[in-house]
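Residues per chain are reported as follows:
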Amino acid sequence: MFLSLPCLLFVFLFIVYPLFRNVHLSLNSYNPLKSPETRFAGLENYAWLIREPAFFNSLLITVAFTAVSVTLELLLGFTISYLLSRIKEGILARLSAPLTSSFLIPWVIPGISAAVAWRFLYHPSFGLINALLGRQVMWISNPTLALFSVVVADVWKTTPFFVFILLAGLLSIPPEQYEAAKVDGVSAWKELWYITIPSILPLMLVTTGFRAIDAFTKIFDLVYVLTAGGPGKATEVLPLLIYKTALKYFRFGTAAAISVVAILISFVFGAMLLRARRAQ
Amino acid sequence: MKKAIVIFLALLLVAAFGAFAAPNALRILHVAGPELDHLIANLKDFESAFNAKVSIDQTTREAMAERTMRELIEQRGDYDVVLSLAGDDYTTFVYKGNYIPIEKYLSKQEVQQYWGRKVITDPRTGLLAGIPQYHNSEMLFYRKDLLQDPKEQAAFKKKYGRDLKVPKTPKELYEVAEFFTRPPNLYGYMVGGLEWSWWCDYQYFLFGQGQNVGDKNGNLTLNTPGAVKAMDYLAKIVKFNPHGWESQSFFDADAMMKAGKIFAYQNWSYIWKDFVTTMPDKIGIAAPVGDVEPGVYLSGWLALIPAKAENPELAVKFLKWIGGFDYQKKIALDMLGNLPSRSDVLKNAEVRKAIPGVDQFERTMSYGHVARTTWKAEMSSALYDAFFRVVKGEMSAKDALDQLQNVKFAGRKAIE
């Protein structure tokens, strides 16, 4: 008990207390531009959220972003890690270490730098993507395409997270299973479906769950630089709305309420993940 | 080795404490950028004149409103001078901030020199709140080489039945923009579509109709006939924008103008120095357009002394120095495009000679406005959303602004 005190203190100071303060703030009204006093507001801030179209717009956009982004990252990440795990001979085997390491590059580039680079790539007149396509596509100016463009940039940035975790899982599958399958004349497709995927399914679930929570609650820097939430409100994700509500509109109670809702939704993701793990 | 490190750390601690404990220490909050660089380059004049030690905290533009709020509203007492107020925030902090008005320490003649004083006077006391490090406003920048081309003039006259000249009204601007829209190489006009950039353009058109988001009594005036007209003009002129404007800003417009891709746009005057030095034969400058008056949005970093400043006497001296003739002349000469905040500096022969188009700047000086609201960020976000609905044809400008005035912001005042 005594030895776990530092850990408990850390959890209390950096997780429990801020969470408590946030919930407390969400039940109060504090707008320093209107009044220096904090007033108890009860569920007023939450009632405002229910009536506010901007909140539902942000929520919908963030859910859509999370669903599409994480799904693409999982599929792409698994495909890449599977192919990397199969490199056993030939010239590619000699290059497998640098090849694998090269997938780390998008992950280690700071988010803001990546966002600025993608902004240049997406430029309608001077961007490389349109230059290669020979067309002027409005990647971040068209309200329909803008969110898709953010997803593409995010998938590029975060797929390595899946690649490396799933690769570790794939490489730890006992080779005897594949040898036995070979002896039985099992096809590569059946190997994948009956041996590989079931072996790493728990890892896939955990990784997807973590990434979903991450995408839902932390997508900010990419959107802020690429589109600033526009055009209009087409890409105004929840973290951006929280930022604007707190630090631009100075409606701290309302911002806290939005963030509490975001945390609760994240808890739901986490609970679903645990349930899936238990069922698996 | 250990002993050396301990002694070094101890000396560092003493030096740091010494700096902060210095009786003539001044702590300033400013915004990163060329104006701060200019201040830092000239600070030694102030420090040697008053035997002072100045420390400056830089903030980014994204964080400046929040940090200013902490100092002027929540009264944290971290700074003696807050220099992080732009035109966007003048109303909020001049009307609601807790600060020491500088007018108490100036003569009447000195106060009269600050030509932008109508937007930086505290209505609670009637006193000048602070001193602007400089002023800037937007101007209309246009391709004067194309405007003066005889072939273009003849073609324009044939199409519109009038002479091709520098537009003064939104209607004239619309016709000129339409005439010079020749995709993909040239577009008639550009509005930056990112919210913080779009807000500037909205203000230009709004002020040009003699309107504001709030009236003199602090009532919300989002849907006056003039405001509807302004929104309408803005929503219509974007069809002459280059592709991709929705995700671009006035900085992108600067680049497009330099690349010869747009005919005209309205932007802050900082860019004038670039045009004068790199493209003097191509770019002209004029007062912004407006049906009622030139739509002039006034800005410039404003220095205020927080009520909880630890060294208010030195802060007053600093404001007098930064607003004094010498520094104001320096900034006018060094930073072409930013105007001095003093009228007497602008009358100086050397300064007038150094500013090409100074007569155009002078046309704008008496018209400078800022948004008359204390909740600009929330308001601009809603107006921005409404604007895009109008552009997409989902609703008319009148319906969009009526919805904001009568439904979304029903019961609210512009000054709260």
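In case you missed it, the structure is sitting above this.
Quick summary incoming for the structure in this document.

**Structural notes on the interface of chain A and chain B**
The accessible area lost on association of the parts is a frequent measure of interface size.
And step 1. The interface of chain A with chain B comprises 29 residues on the first partner and 31 residues on the second.
And step 2. For the pair chain A and chain B, the summed buried area comes to about 2500 Å², and 57% of that belongs to carbon and sulfur atoms.
And step 3. Of all residues in chain A, the largest losses of buried area upon contact with chain B belong to Leu33, Lys233 and Tyr249 of chain A, amounting jointly to 20% of the total for that side.
And step 4. The tally of links from chain A across to chain B stands at five salt bridges.

**Topic: helix 14 (residues 325-334) of chain B**
Residue and element names in this part refer to chain B.
And step 1. Those residues of helix 14 not exposed but buried are Tyr327, Gln328, Ile331 and Ala332. The buried residues of helix 14 occupy one face: seen down the axis, they fall within an arc of 135 degrees.
And step 2. For helix 14, the secondary structure elements touched by its buried residues are helix 2 (34-50), strand 7 (131-132), helix 13 (312-322), helix 15 (343-347) and helix 16 (349-354).

**Some words on the packing of aromatic side chains**
And step 1. Tallying each qualifying case throughout the model produces 48 aromatic pairs over all chains.
And step 2. Ring centres 5.5 Å apart and planes at 25 degrees place the aromatic pair Trp107 of chain A and Phe161 of chain A in the stacked group. Linking Trp107 of chain A in helix 6 (residues 105-108) with Phe161 of chain A in helix 9 (residues 143-171), this pair joins segments that are 54 residues apart in sequence.
And step 3. Phe161 of chain A sits in the partly exposed class, given a relative accessible area of 21%.
And step 4. Between Trp245 of chain B and Phe387 of chain B, the aromatic rings sit 6.3 Å apart at their centres with planes inclined by 75 degrees, giving edge-to-face as the arrangement. With Trp245 of chain B in the loop between helix 10 (225-237) and helix 11 (250-258) and Phe387 of chain B in helix 18 (residues 376-391), this pair connects stretches of sequence that are 142 residues apart. Just as Trp245 of chain B is buried, Phe387 of chain B falls in that class too.
And step 5. Through a chain of ring-to-ring contacts, the aromatic side chains of Trp198, Trp199, Tyr202, Trp245, Tyr384, Phe387 and Phe388 of chain B assemble into a single cluster.

**Side note on helix 9 of chain A**
All names here are of chain A.
And step 1. Here helix 9 spans 42 Å end to end across 29 residues, near enough to the 42 Å set by a 1.5 Å rise per residue.
And step 2. Residue Lys157 marks the point of greatest curvature in helix 9, where the axis turns by about 40 degrees; the proline Pro160 follows within four residues.
And step 3. Taking the backbone nitrogen of Thr144 as reference, a side-chain oxygen 2.7 Å away marks Asn142 as the first, capping residue of helix 9.

**Overview of the nonpolar core**
Nonpolar side chains tend toward joint burial in soluble globular proteins.
And step 1. In terms of nonpolar packing, the biggest core is built from 146 residues, with Phe141, Tyr202, Phe318 and Leu383 of chain B touching the most fellow members.
And step 2. Counting 38 residues, the second-largest nonpolar core is a separate cluster that includes Ile140, Val155, Tyr178 and Ala212 of chain A.

**Some points on the pairing of strand 3 (residues 81-85) of chain B**
Residue and element names in this part refer to chain B.
And step 1. Counting buried residues along strand 3, five of its five residues qualify, which places the element largely inside the surrounding structure.
And step 2. Inspection of the sheet shows strand 3 paired to strand 13 (residues 302-306) by two bridges, in the antiparallel sense. Counterpart to Leu85 in the pairing with strand 13 is Leu302.

The rules behind these values
Residues numbered from 1 in each chain as written. Chains lettered and ligands numbered in written order. Predicted model: local features only at pLDDT ≥ 70, side-chain atom pairs only at ≥ 80, totals over all residues. Heavy atoms only, no water. Contact = heavy atoms within 4.5 Å. Buried area = accessible area lost by both parts, 1.4 Å probe. Salt bridge = Lys/Arg side-chain N within 4 Å of Asp/Glu carboxyl O. Buried < 20%, exposed > 50% of the residue type's maximum accessible area, 1.4 Å probe, protein only. Helix = DSSP H or I, 4+ residues; strand = E, 2+ residues; numbered from the N terminus. Arc of directions from axis to C-beta. Phe/Tyr/Trp six-rings, centres within 6.5 Å; stacked < 30°, edge-to-face > 60°. Expected span 1.5 Å × (residues − 1). Bend = angle between axes of the 7 residues up to and from the residue. Polar contact = N/O pair within 3.5 Å; in protein donor to acceptor, adjacent residues only side chain to side chain. Core = buried A, V, L, I, M, F, W, Y, C linked by side-chain atoms within 4.5 Å. Pairing = 2+ DSSP bridges.

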